[in-house]
Number of protein chains: 2
Amino acid sequence: MSEAETLSPALPTVLEKKVRMLLEKACEADLTLATAESCTGGLLASLLTDVPGVAHAFERGFVTYTDEAKAEMLGVPLDVIKDKGAVSKEVAIAMAEGAMRHSSADIALSITGYADAGDEPGLVHFACARRNAPTHHREEHFGAGGRGATRIESLRVAVEMMLERL
Amino acid sequence: MSEAETLSPALPTVLEKKVRMLLEKACEADLTLATAESCTGGLLASLLTDVPGVAHAFERGFVTYTDEAKAEMLGVPLDVIKDKGAVSKEVAIAMAEGAMRHSSADIALSITGYADAGDEPGLVHFACARRNAPTHHREEHFGAGGRGATRIESLRVAVEMMLERL
């Protein structure tokens, strides 16, 4: 059975299997997904649309690479970004909840972190919002393994967090 | 010199070189880029944020997988989508110009196509908007090579179109 068609050479096999499981479960439950990404820059959205037959579980994605994009596309308050930093629990939660408000998806996952620079390379905050339920937060310290490793590890955590909400 | 750190195993070498060239030229010219993607589902945005040191040329990305997302995030009129089809010259142009209106980027690139299903698998429309200049359009028929091949070919055309506007 085909997995992630475009990204497969760049992904660990276990992640491909989990993505298919996530998308199949979402389709079965008739639930849709949205993403709000900073350091992964659209990689999670591209993964969720890469598996033939189940990509319609994906509703829309926000690639909010700049502070202005986080504020304008998701309604993250600029003073929260300034006070807490773009890579923070507060901004991750505001991004995920903003993606819920600005989409019709049932579950929204946000990622904001330092891919390979910043105060602590490999520090990534995640939040997963679900309608009429509390938003979950996770903080990971992947270490200074570089942009590629941090982004792939971030996909793994993001898929796990969404699976937990299905 | 490092190229696309996460996506490298999935990309042809020539595309990696072109992406770095695009991002370096954009940084030198102090121009920023935005994306509006349907069939590529965020893959172009993830590519433009995957090269260390030059990713700040990317401003924001819209992953508008559904008709509603195209209308709500980019202002593409729903009657145009209904009349012309989501995979059409008119929608590609409206997506690129919508991405300009809804960002501060200098150049916006849109992609809408049939990845591996639809009326003609491999048919993809592209548009590239630049502030105070006419929007360019391109139509490609990549054939029924599957989702992965269509998406990679789409990246190649998208990067070429943006390079032409720098």
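Conventions we followed
- Residues numbered from 1 in each chain as written.
- Chains lettered and ligands numbered in written order.
- Predicted model: local features only at pLDDT ≥ 70, side-chain atom pairs only at ≥ 80, totals over all residues.
- Heavy atoms only, no water.
- Least-squares fit on C-alpha atoms with pLDDT ≥ 70 in both.
- Contact = heavy atoms within 4.5 Å.
- 1 Å grid on protein atoms, 1.4 Å probe; cavity = no way out; pocket = protein on both sides within 12 Å on 5 of 7 lines; lining within 4 Å.
- Points joined across faces, edges and corners; volume = space filled by probe spheres on them.
- Nonpolar A, V, L, I, M, F, W, Y, C, P; charged D, E, K, R; others polar.
- Phe/Tyr/Trp six-rings, centres within 6.5 Å; stacked < 30°, edge-to-face > 60°.
- Helix = DSSP H or I, 4+ residues; strand = E, 2+ residues; numbered from the N terminus.
- Buried area = accessible area lost by both parts, 1.4 Å probe.
- Salt bridge = Lys/Arg side-chain N within 4 Å of Asp/Glu carboxyl O.
- Polar contact = N/O pair within 3.5 Å; in protein donor to acceptor, adjacent residues only side chain to side chain.
- Pairing = 2+ DSSP bridges.
- Axes fitted to C-alpha atoms, helices over the stretch in contact; angles between N-to-C directions.
- Buried < 20%, exposed > 50% of the residue type's maximum accessible area, 1.4 Å probe, protein only.
- Expected span 1.5 Å × (residues − 1).
- Arc of directions from axis to C-beta.

Novice: How would you sum up the relation of the copies chain B and chain A? Please name residues and give values.
Specialist: Note on the copies: chain B fits chain A at an RMSD of 0.0 Å, the axial shift is 0.0 Å, and the rotation between them is 180°. Taken together, the rotation and translation relating the two chain copies correspond to the operation of a two-fold axis. Every residue of chain B has its C-alpha some distance from the rotation axis, and the shortest such distance is that of Gly42 of chain B, at 2.3 Å. Looking at chain B, 100% of its interface residues are interface residues in chain A too, so the copies touch through the same face.

Novice: Before we move on, could you go through the layout of surface pockets and cite the residues and values that matter?
Specialist: Approximately 360 Å³ is the volume attributed to the largest pocket. If you go around the largest pocket, you meet 17 residues; those closest to its centre are Ser38, Cys39, Tyr65, Gly113 and Tyr114 of chain B. Here the lining of the largest pocket is built from residues that sort into eight nonpolar, six polar and three charged. When its volume is computed, the second largest pocket comes out at roughly 210 Å³. Contributing to the lining of the second largest pocket are 13 residues, with Cys39, Tyr65, Gly113, Tyr114 and Ala115 of chain A lying nearest its centre. Its residues assigned to classes, the lining of the second largest pocket shows seven nonpolar, three polar and three charged.

Novice: Give a description of the packing of aromatic side chains that names residues and reports values.
Specialist: Residue and element names in this part refer to chain A. According to the stated counting rule, one finds four aromatic pairs over all chains in the structure shown. Between the aromatic rings of Phe126 and Phe142, the centroid separation amounts to 6.4 Å while the plane-to-plane angle is 80°, which identifies the pairing as edge-to-face. With Phe126 in strand β4 (residues 123-130) and Phe142 in the loop between β5 (136-141) and α6 (147-164), the pair connects residues that are 16 residues apart, well separated along the chain.

Novice: I'd like a description of the interface of chain B and chain A, backed by residues and values.
Specialist: The interface is formed by 34 residues belonging to chain B together with 34 residues belonging to chain A. A combined buried area of about 2600 Å² lies between chain B and chain A, and 57% of that area is made up of carbon and sulfur atoms. For Glu72 of chain B, the salt bridge identified is with Arg60 of chain A, shortest N-O distance 2.9 Å. The interface formed by chain B and chain A holds 22 residue pairs in polar contact (both at pLDDT 80 or more) in total. Sorting the residues of the side of chain B that touches chain A by element identifies α2 (43-48), β2 (58-63), α3 (67-74) and α6 (147-164) of chain B as the ones contributing at least two each. Broken down by element, the side of chain B that touches chain A gets its largest block of residues, six residues, from β2 of chain B. A per-class count over the side of chain B that touches chain A returns 15 nonpolar, 10 polar and nine charged. As defined by bridge partners, strand β2 (residues 58-63) of chain A adjoins β2 of chain B across three bridges and the pair is classed as antiparallel. Across the sheet, residue Phe62 of chain A finds its bridge partner in β2 of chain B, namely Phe62 of chain B.

Novice: Let's hear about the environment of Lys89 of chain A: which residues, and what values?
Specialist: Residue and element names in this part refer to chain A. Residue placement: Lys89 occurs in helix α5 (residues 89-101). For the pair formed by Lys89 and His136, sequence separation is 47 residues and the distance between their alpha carbons is 10 Å. Apart from the residues within four sequence positions on either side, Lys89 is in contact with His125 and His137.

Novice: Could you give an account of the sheet that holds strand β1 (residues 33-37) of chain B, naming the residues involved and the relevant values?
Specialist: Pairing is mixed in the open sheet, where 10 strands are placed in the order β5(A)-β4(A)-β3(A)-β1(A)-β2(A)-β2(B)-β1(B)-β3(B)-β4(B)-β5(B). Either end of the sheet is taken by a strand with one partner, and the two such strands are β5 of chain A together with β5 (136-141) of chain B. Geometrically, the sheet is characterised by an average inter-axis angle of 15° between neighbouring strands, direction not taken into account. In this structure, strand β4 (residues 123-130) of chain B lies alongside β5 of chain B, joined through six bridges in antiparallel fashion. Among the inter-strand pairings, Val124 of chain B is bridged to a residue of β5 of chain B, identified as Glu140 of chain B. Sheet strands touched by α5 of chain A: β1 (33-37), β2, β3 (107-113), β4 and β5 of chain A. Its angle to β4 of chain A, the strand with the most contacts, is close to 35°.

Novice: Talk me through the side chain of Ser46 of chain B; I want residue IDs and the actual numbers.
Specialist: Counting through the fold element by element, Ser46 of chain B comes out in helix α2. The buried category is assigned to Ser46 of chain B, whose relative accessible area is 0%. With residues near it in sequence (within four places) discarded, Ser46 of chain B still touches Thr40, Gly41, Gly42, Leu43, Ser46 and Arg151 of chain A together with Leu7 of chain B.

Novice: Please set out helix α1 (residues 13-29) of chain B residue by residue, giving values where relevant.
Specialist: Residues and elements named next belong to chain B. For α1, which comprises 17 residues, the first-to-last C-alpha distance of 25 Å matches the rise-based estimate of 24 Å (1.5 Å per residue) to within 8%. When we look at burial in α1, the residues that qualify are Leu15, Glu16, Val19, Arg20, Leu22, Leu23 and Ala26. Relative to the axis of α1, the buried residues are bounded by an arc of 160° and lie together on one face. More than 90 degrees from the buried face of α1, the exposed residues found are Thr13, Val14, Lys17 and Glu28. Of the residues one or two after α1, Asp30 is the one with positive phi, at around 60°.

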